[in-house]
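Secondary and tertiary structure notes
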Amino acid sequence: MKPGKIFKYTGIVLASLPVLLLVFLFVFDWNWIRGYVNERLSRISDRTIRIEGDIDVDPGWTIQIHLEQVRVENAEWGSEPQMMRVE
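Quick caveat, the model's predicted, so the values are computed rather than measured. (Residues numbered from 1 in each chain as written. Predicted model: local features only at pLDDT ≥ 70, side-chain atom pairs only at ≥ 80, totals over all residues. Heavy atoms only, no water.)

Attention now goes to the pattern of salt bridges. Counted under the stated rule, the structure contains 4 salt bridges. Glu-52 serves as the salt-bridge partner of Arg-50, at 3.4 Å between the closest nitrogen and oxygen. Given the relative accessible area of 42%, Arg-50 is considered partly exposed. The exposure class of Glu-52 is partly exposed, given its relative accessible area of 32%. (Salt bridge = Lys/Arg side-chain N within 4 Å of Asp/Glu carboxyl O. Buried < 20%, exposed > 50% of the residue type's maximum accessible area, 1.4 Å probe, protein only.)

And the structure:
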């Protein structure tokens, strides 16, 4: 294969990666990773955090993340079982 064709195909592949990434961001259902997000947030904060509603991510210049029905359990020494509950 000629070096010119290698550069051509490499350029096509590299140019298509950002387009594929954008398509992925707009099509991906973020609710599929709810369990992972709950687990990571709980581990980071050392409190049980549960996202029970919808997760929506709007990509753009400023990425916006919308969460519904978020519950944060209180610390063991807290007087209430839940520190925060957001519908």
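What follows continues from the structure just given.
In this section: the nonpolar core. In this structure, Phe-28, Trp-30, Ile-49, Ile-51, Ile-55, Val-57, Val-70 and Val-72 together form the largest nonpolar core, which totals 8 residues. Those elements that provide at least two residues to this core are strand 1 (49-51), strand 2 (55-58) and strand 4 (70-73). Look past the residues within four positions of Val-57 in its chain and what remains in contact with it is Trp-30, Ile-63, Gln-64 and Ile-65. (Core = buried A, V, L, I, M, F, W, Y, C linked by side-chain atoms within 4.5 Å. Helix = DSSP H or I, 4+ residues; strand = E, 2+ residues; numbered from the N terminus. Contact = heavy atoms within 4.5 Å.)

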